[in-house]
Amino acid sequence: MKALVWTEKEKVELQNRPLPDTAGKILIQVAYAGICGSDISVYLGKHPRAKAPLIMGHEFVGVVEAIGEGVETDLKKGDKVVVDPLIYCGKCNACLNGNTHVCRALNLYGTDCDGGMAEYVAVADHTVLKLPEDMDFKTAALIEPVAVVVHGLRMIKKNFYTSACITGLGPMGLLAAIMLKNSGVNRLFTVETNKKRAEHARKLGFEVIDPKTEDVVSYIKKRTGGEGVEVFVEASGAPMSAAVMTDITSVRGEILLLSVFKEPAAVDLRAVNFKEQILVGCRVYTQLDFKDAISYTYNHADEISAIISHLHPIEDGQRVFQDMIRGSTEAMKVLFALQQ
Ligand SMILES: [Zn+2]
Ligand SMILES: [Zn+2]
């Protein structure tokens, strides 16, 4: 089978690989695989766990090709499926408590073992979830990032709020914007420095503030009667955003940390005390979040598919990754198309 293999820092190559061993697993013929920010860290040699040679990709969809020996499942050959890529130990306290998504030894297909940037991948049966027959495959490749946002928004304690701000309009931030808008948030602000991303979001009807030309804190305070927003979603991973998020957020407001900061960032913790704010961490998703992300993506396919900016064959892998590291903020979601 054809596979895109990460071989060393800043290098992926197309290789011919034998089909993976299917004993105890389900073999999937991959249709589309998305590139995630964490795949970029792997590519750059910066991911703490990934070891070359590795087939990356944890955001993928395809059809069941074969059910491995010893697997009992209702799935059958030809079913359209998506994979919940989390691998957990089942023994640590987080797992025993039902929080397998924050397992102490959490692993991921495409990071800790081979993933979906190949014609075929073999995965554990409990990770394979059936898609509606008529679901568009390309849009379904976004279910994994949608699941992260579903999980994050569920962790916010307020169940009704009218104002929110999102910093960073990459795929994750834009998905959060779409979902917050659909949930009925009345006043939704977004912040983005990259012109193309800002323009993309404006076309989708969002109010985008450019922090290079506008003082974001006073802009939002002026429009919220001096109160700030009730919910702040950090999706940029930028220190500048961390520095102002407590100021932009209201008294007793909540701050959801959707992006992963690469380094410790300065936060005004005194504001957290004085305004009794809540900081909410978010890593991935439970399988229930993942299942709900399937139906959410299915029901809002038009809006969600607008996140996809590029489609490439895996033959272009090296060039695609190089383009992304040079001007990554201009691309939204980039997918590899495995079946033509
Ligand atoms: Zn991802
Ligand atoms: Zn565990």
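Every value quoted in this text rests on a predicted model; they were computed, and no experiment measured them.

Visitor: Before we move on, can you summarise the domain arrangement of the chain with the specific residues and values?
Guide: Looking at the chain, the domain boundaries give domain 1 (2–142 + 307–337) and domain 2 (147–281). Using only C-alpha atoms to locate each centre, domain 1 and domain 2 end up separated by 29 Å. Of the residues lining the interface, nine residues belong to domain 1; the matching set on domain 2 comes to twelve residues. Between domain 1 and domain 2, the buried area comes to about 880 Å², and carbon and sulfur atoms account for 64% of it. The tally of links from domain 1 across to domain 2 stands at zero salt bridges. The interface formed by domain 1 and domain 2 contains two residue pairs in polar contact (both at pLDDT 80 or more). Taken together, the residues of the side of domain 1 that touches domain 2 sort by class into three nonpolar, four polar and two charged.

Visitor: With reference to specific residues and values, describe the coordination of the zinc ion (ligand 1).
Guide: A four-donor tetrahedral metal ideally has 109.5 degree angles, and a six-donor octahedral metal ideally has angles of 90 or 180 degrees. Protein coordination of the zinc ion (ligand 1) is provided by C36 (SG), H58 (NE2), E59 (OE) and E144 (OE), with donor distances spanning 2.2 to 2.6 Å. In this structure, the zinc ion (ligand 1) is surrounded by four donor atoms whose angles at the metal cover 82 to 163°, and the resulting shape is irregular. If you list the donors of the zinc ion (ligand 1) from N- to C-terminus, the spacing comes out as C-x21-H-E-x84-E. A relative accessible area of 2% places H58 in the buried class. Given a relative accessible area of 1%, E59 falls into the buried group.

Visitor: Got a sec to walk through the pattern of salt bridges? Specific residues and values, please.
Guide: Applying the stated rule across the entire model yields 16 salt bridges. A salt bridge links K2 to E315; its shortest N-O distance comes to 2.7 Å. Here E315 lies in the loop between strand 17 (308–312) and helix 12 (317–327) and K2 lies in strand 1 (residues 2–8), a separation of 313 residues in the sequence. Linking R187 and E207 is a salt bridge whose minimum nitrogen-to-oxygen distance equals 2.6 Å.

Visitor: So what's going on with the packing of helix 4 (residues 143–155) against helix 5 (residues 171–182)? Residues and values would help.
Guide: Between helix 4 and helix 5, the shortest axis-to-axis distance is 10 Å and the interhelical angle comes to 55°. With respect to helix 5, the axis of helix 4 lies oblique. In this structure, the crossing between helix 4 and helix 5 has a hand that is right-handed. When helix 4 is examined against helix 5, the residues P145, V146, V148, V149, V150 and L153 are found in contact with a partner set consisting of M172, L175, A176, M179 and L180. The residue makeup of the contact of helix 4 with helix 5, split by class, is eleven nonpolar, no polar and no charged.

Visitor: Please give an account of the packing of aromatic side chains that cites residues and values.
Guide: The geometry of an aromatic ring pair comes down to the distance between the two centres and the angle between the two planes. In the structure shown here, the tally under the stated rule is four aromatic pairs. Relative to Y219, the ring of F189 has its centre 6.3 Å away and its plane inclined at 85°; by these criteria the two rings are edge-to-face. One end of the pair, F189, is in strand 12 (residues 187–191); the other, Y219, is in helix 7 (residues 216–223), and 30 residues separate them in sequence. This pair shows no difference in class: F189 is buried, exactly as Y219 is.

Visitor: So, the environment of L96: which residues are in play, and what are the values?
Guide: One can find L96 in helix 2 (residues 93–96). The exposure class assigned to L96 is exposed, which follows from its relative accessible area of 62%. What L96 contacts, discounting residues up to four positions off in sequence, is G90 and K91.

Visitor: Provide a residue-level description of unusual backbone geometry, including the pertinent values.
Guide: Here A52 and P53 are connected by a cis peptide whose omega angle stands at -5°. Position of P53 among the secondary structure elements: in the loop between helix 1 (37–43) and strand 4 (54–55). Phi at E276 is positive, roughly 45°, even though this residue is not glycine. With respect to the helices and strands, the residue E276 is situated in the loop between helix 9 (269–274) and strand 16 (278–281). What makes E276 partly exposed here is its relative accessible area of 45%.

Visitor: So, the coordination of the zinc ion (ligand 2): which residues are in play, and what are the values?
Guide: The protein atoms that coordinate the zinc ion (ligand 2) are C89 (SG), C92 (SG), C95 (SG) and C103 (SG), at distances spanning 2.3 to 2.4 Å. Classification of the site at the zinc ion (ligand 2) as tetrahedral follows from its four donor atoms and the range of 102 to 122° in their angles at the metal. Read in sequence order, the donor residues for the zinc ion (ligand 2) give the motif C-x2-C-x2-C-x7-C. Here C89 falls in the partly exposed class, since its relative accessible area comes to 34%. Of the residues examined, C92 reaches a relative accessible area of 7% and is grouped as buried.

Visitor: Give a description of the environment of D292 that names residues and reports values.
Guide: Inspection of the secondary structure puts D292 in helix 10 (residues 287–299). Under the relative-accessibility criterion, D292 is labelled partly exposed at 26%. The sequence separation of D292 and G70 amounts to 222 residues, and the corresponding C-alpha distance is 28 Å.

About the cut-offs
Residues numbered from 1 in each chain as written. Chains lettered and ligands numbered in written order. Predicted model: local features only at pLDDT ≥ 70, side-chain atom pairs only at ≥ 80, totals over all residues. Heavy atoms only, no water. Domains from an automatic or database assignment. Contact = heavy atoms within 4.5 Å. Buried area = accessible area lost by both parts, 1.4 Å probe. Salt bridge = Lys/Arg side-chain N within 4 Å of Asp/Glu carboxyl O. Polar contact = N/O pair within 3.5 Å; in protein donor to acceptor, adjacent residues only side chain to side chain. Nonpolar A, V, L, I, M, F, W, Y, C, P; charged D, E, K, R; others polar. Donors = N, O, S within 2.8 Å, 3.2 Å for Na, K, Ca; no water. Tetrahedral: all angles 85-135°; square planar, octahedral: opposite > 155°, others 65-115°. Buried < 20%, exposed > 50% of the residue type's maximum accessible area, 1.4 Å probe, protein only. Helix = DSSP H or I, 4+ residues; strand = E, 2+ residues; numbered from the N terminus. Axes fitted to C-alpha atoms, helices over the stretch in contact; angles between N-to-C directions. Parallel < 35°, antiparallel > 145°, perpendicular 65-115°, else oblique. Left-handed = near helix turned anticlockwise from the far one by under 90°. Phe/Tyr/Trp six-rings, centres within 6.5 Å; stacked < 30°, edge-to-face > 60°.

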